[in-house]
Amino acid sequence: MFEVTAAGSDWARVSASSADDLCGRDPELAVIDQVVVGANPGCLLVRGPAGIGKSTLVAVAVGTAAAAGSRVLSVRAAAVGADVPFAAARVLLEPAYRDRERDRVRRQGPADLCRSVFDPTLTADPLPVADRAAAVSHGLTWLLFDWLDGRPALLVIDDLHLADPATVAFVARLVEQVAGTSVSIVATARSDAPVPELLQTGIQVLDVGPLPPEGVRDLVRALVPTATDDEIRTCAAITGRNPLFVIEALRAPHPPLGPSASGPQTSFLASVARRWEGLSAEEQKVGAVVAVIGQGAGLALVAAVAELSPEQVTTAAEALSAAALLTPAMPLAIGHVLVQEAILAAVPPPRRALLRIRTAQELAATDVEAAARQLLLAEGEHTTSWAAGVLQAAASAALRRAAPEAAATFARAGCGGGQGTPAVRALLARAESMAGAAGAPDSIRSALEDLPEDERAEKSLTYGVLLIDSGRPDLAHRVFRRGLRAVGTSTADQRTARVLRAAMAITGDWNPRSAELGDLDALVERALAGEATNPERMLIAHAALDRAILGQPSSETVRLAEAALLGGEAVELSDVFDVGAVTFGALALLPCGEHDRASAAVTPLIDDAARRGGAISHASALHVRCHAHLRAGRLGDAADDARAVIMAADQGWEVARPSAHGALAAALSAAGDLDGARAALSLCGDEARWREEFTWADYLEGRAAFRLAQGDVSGALADATAAGAHLDVFGADHDGTVPWRSVAVDAALAVGDRDRAHGIAEAGLVKARTIGAADVLGSALRQLALVVRGRPAMELLDEAVDVLAASPARLARARAHLDLGEILLEQGSAPAAREPLRVALDLAHHHGARPMQERAYALLRGAGARPRRTQLAGAAALTARERTVAEMAAVGASNSEIALVLLISPKTVEAHLGRCFDKLGVRSRREIAGRLADQQVD
């Protein structure tokens, strides 16, 4: 990027010029061209050491994309904004936001979720903290695609390793969302910075190394035509063939004579320092101010901080540009991060701190957070009352934007290494609570000590709920317990105590805690009358879940769960008690066989979370519905929900990961998709990471079902019984929590251990009769029938069929009819066997259980019937998610648009559409609408 100036020698100073440091980069340019303008645009991470030419390669990508008619959005991440959530994303998408704000017709919609990123005066959507980053990311994605409106685009993120974590997570989301679209992403990162785990899949990595020897030759000769071969070889040796260092070496007043013992980068920094020393005091002042401010320093701001006129700044900037220290453009910027580091190192620390304080003073009125960041970098010079006020204001502003990590950083600095004011301590406690920081309990304790004693309990509740929202229930539990100790004796205090006990129930373990609930019957009466508060509903829901887990009679569990769910038809995502009452209440219904009611309870929460981009709340409710679908026999719907939960786990929500993987494996095994089930069992991390989780039993049961389906009966028996042993630790060893006994009995019989099968089935029936849930009891009766056979088996199966007649567990009902028909056949009653076998065939067909369907078909043939071979096809065979995707595609929605609405990836949409095409017998989207209209869903 440099041109030789007329200065008496070919080894004169050189200034930036673009094509020259691309010498020898043809292989890298070919890769970039393929990603940016190839047949299938993609995502590329250009990685290499400082100065190797990453930004130059990306500049070529920008030119290539622009020439091809693509819209280009770019940002250079900077360390100064690394503590501000979405700082880099805000700059990247600023043009799209400005255009959208001017277009009033398109103001409404999911893109509004991210407006607080661009306008610090706006308050973020009141979502749980753990959901807010996901919601903003969702809004930013909507903003981008809405703005592009199908046009091709290139997104460039230079120095991604310096970007804030929220932007990195957003880029990872975009990598998934742009698959199959005309949008490309190109990012750069230093090779000594680790690639974020979020970006380790779905993005191609281009490692850029030193220039090849011929590249050094061409670069040197392009700048210094008279250079000899020996000089070129020497230049290559002392620079490590790094193009930035090569160009810097050519600025030396004399040709390089030999390698430097200090290394190429140190030599480069020393060379920059020598150029710096040759500048006037005024030029150095301007250069130092630009280095302090960072990228995009405006002329007015630089003039104010440097205490110079705009004309003086312009003259100095021209000299700095001629010395290749500043880029020759506005706003003012340093040409390379290594140059910025060299300039900052050349400025004495006191002078650096003074410039940062002046910058903060200039920014305080317009961007208090940017001012606070300068104070943080001022090396201890932020202890004055004015600086403390700026830091306090910045912390408040960051909290309004739902940026608790930045708020905590500002508030911590505002304490000045000591206690700070009560207001700052309160801000720090709130920010660290929202951020889930390990030091939150200590900050909270300090803030509570500032309060009158009668306010401490209620404030403990506030801080603890924030900790729950941020995903730190362990810290919240400690805060709630401290608050409970501070409760007084008045009626109002006792209400606070009840809420604190509800909060402790949310954050506690699975052990029964009825003694902490107070008068439960009185709470239920309040709930049934519509008078219960959300914390009281949460208490009732937790009591219901305790009883469900312990296998107590389902009638009482259902009574409590229904009371908890009253008033939860429109859930407020920002209220942890409201969300908890619905999710825990619905969970409690599952062991009671109330699968449809549980699904109905969480579906409004799922829909609202998807609309508002609340990925964590969305996934937690989907987890409940996934198991409701699975127990009801809706295998396709269960698999769809399980995949969505796993996708959320990949984005950071891992609470239910083992359960989702197990449910997906169980659903696919029952559907006959053993390859899919095998893939579903690929759990992130080794097993030791998950074995202590309650949901590990779900994973074991899912793996047992897969192993049984593929014929590994010994492995299936081992996994199923291990699931039972794991549940026993929690007092939950019954099929209402995890139906492991069904697999265990089948596997024990298959290995010839009838005694073991009998013991497992008999113990299960005792527990099932206590619970009284139809699906649990019907399944237990069927299991024992498989062991005893003969007339006792007939009696057990007759009872199972009767019990399951009204149950929403359709596949459990199908299995009971199938076994009844098989035993009737064994006893020579073929005519009597046909009806139960037909019921089994119809139910298995309707719910996609191919192995059961094939077995029922074969037995019906053996019973003398001639059933028509059924096929899983037509609109009736679509799962709920597949039908939604089909309907959206039929009205013209693109894969990306569908993915954004449903909080899934375009690849998942593509897979759904593929299955829709197969089931509907169509080849294009245009045919979907007619086929859906022609066929009625059962």
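Everything numeric in this text was worked out from a predicted model, so none of it was measured.

1. Focus on the pattern of salt bridges
- This structure, assessed with the given rule, holds 36 salt bridges.
- For Arg275, the salt bridge goes to Glu248, with nearest N and O atoms at 2.4 Å. Here Arg275, found in helix H10 (residues 264-277), pairs with Glu248, found in helix H9 (residues 243-249); they are 27 residues apart in sequence, far enough to count as distant.
- One salt bridge connects Glu882 with Arg915, and the closest N-O pair in it is separated by 2.9 Å. Pair noted here: Glu882 is in helix H42 (residues 880-890) and Arg915 is in helix H44 (residues 906-920), with a separation of 33 residues, a long-range link.
- Residues joined in a network through salt bridges with shared partners are Asp746, Arg782, Arg815, Asp819, Glu822 and Arg855.

2. A short note on the pairing of strand S5 (residues 153-158)
- Burial within S5 is extensive, with 6 of its 6 residues counted as buried.
- Neither face of S5 is exposed, since Ala153, Leu155 and Ile157 on one face and Leu154, Val156 and Asp158 on the opposite face are all buried.
- A crossover links S5 with its parallel partner strand S6 (residues 183-190), the connecting element being helix H6 (residues 165-177), and its sense is right-handed.

3. Notes on the nonpolar core
- The biggest cluster of nonpolar side chains holds 152 residues, and the ones touching the most others in it are Ile444, Leu461, Phe480, Ile540 and Phe577.
- Among the elements that take part in this core, helix H25 (residues 534-549) stands out by supplying 9 residues, more than any other.
- Counting residues in each nonpolar core, the second largest holds 45 residues, with Val75, Leu143, Trp147 and Val183 among its members.

4. A short note on the sheet that holds strand S3 (residues 43-48)
- Read across the open sheet, the 5 strands follow the order S4-S5-S6-S3-S7; overall the sheet is parallel. In this open sheet, the two edge strands, each paired with only one partner strand, are strand S4 (71-76) and strand S7 (204-207). Sheet twist, expressed as the mean angle between neighbouring strand axes with direction ignored, is 15 degrees.
- Taken together, the 6 bridges between S3 and S6 define a ladder with parallel strand orientation.

5. Considering the confidence of the model for the chain
- Across the chain, the average pLDDT comes to 83, with 89% of residues at 70 or higher.
- For the chain, per-element mean pLDDT is lowest for strand S1 (residues 3-4), which scores 30, and highest for helix H33 (residues 696-710), which scores 95.
- This model gives residues 1-19 a pLDDT under 50, and the stretch forms 54 contacts once residues within four places in sequence are excluded.
- In the model, residues 509-516 has pLDDT below 50 throughout and makes 16 contacts with residues more than four positions away in sequence or in other chains.

6. A few points about the packing of aromatic side chains
- A full pass over the atoms with the stated rule returns 4 aromatic pairs.
- Aromatic pair Tyr97 and Phe118: ring centres 4.2 Å apart, planes at 10 degrees, arrangement stacked. Taken together, the residues Tyr97 in helix H3 (residues 87-102) and Phe118 in helix H4 (residues 115-118) connect sequence positions 21 residues apart.
- Between Phe245 and Phe268 the ring centres are 5.1 Å apart and the planes differ by 35 degrees, which places this aromatic pair in the tilted class. Within this pair, whereas Phe245 is found in helix H9, its partner Phe268 is found in helix H10, the two being separated by 23 residues in sequence. Here Phe245 matches Phe268 in class, with each residue buried.
- Here Lys459 stacks its cationic end above the ring of Tyr463, 5.7 Å away from the centre of that ring.

Thresholds applied
- Residues numbered from 1 in each chain as written.
- Predicted model: local features only at pLDDT ≥ 70, side-chain atom pairs only at ≥ 80, totals over all residues.
- Heavy atoms only, no water.
- Salt bridge = Lys/Arg side-chain N within 4 Å of Asp/Glu carboxyl O.
- Helix = DSSP H or I, 4+ residues; strand = E, 2+ residues; numbered from the N terminus.
- Buried < 20%, exposed > 50% of the residue type's maximum accessible area, 1.4 Å probe, protein only.
- Right-handed = clockwise from strand over helix to strand, strands pointing away.
- Core = buried A, V, L, I, M, F, W, Y, C linked by side-chain atoms within 4.5 Å.
- Pairing = 2+ DSSP bridges.
- Axes fitted to C-alpha atoms, helices over the stretch in contact; angles between N-to-C directions.
- pLDDT = per-residue confidence, 0-100.
- Contact = heavy atoms within 4.5 Å.
- Phe/Tyr/Trp six-rings, centres within 6.5 Å; stacked < 30°, edge-to-face > 60°.
- Lys NZ or Arg CZ within 6 Å of the ring centre and 35° of its normal.

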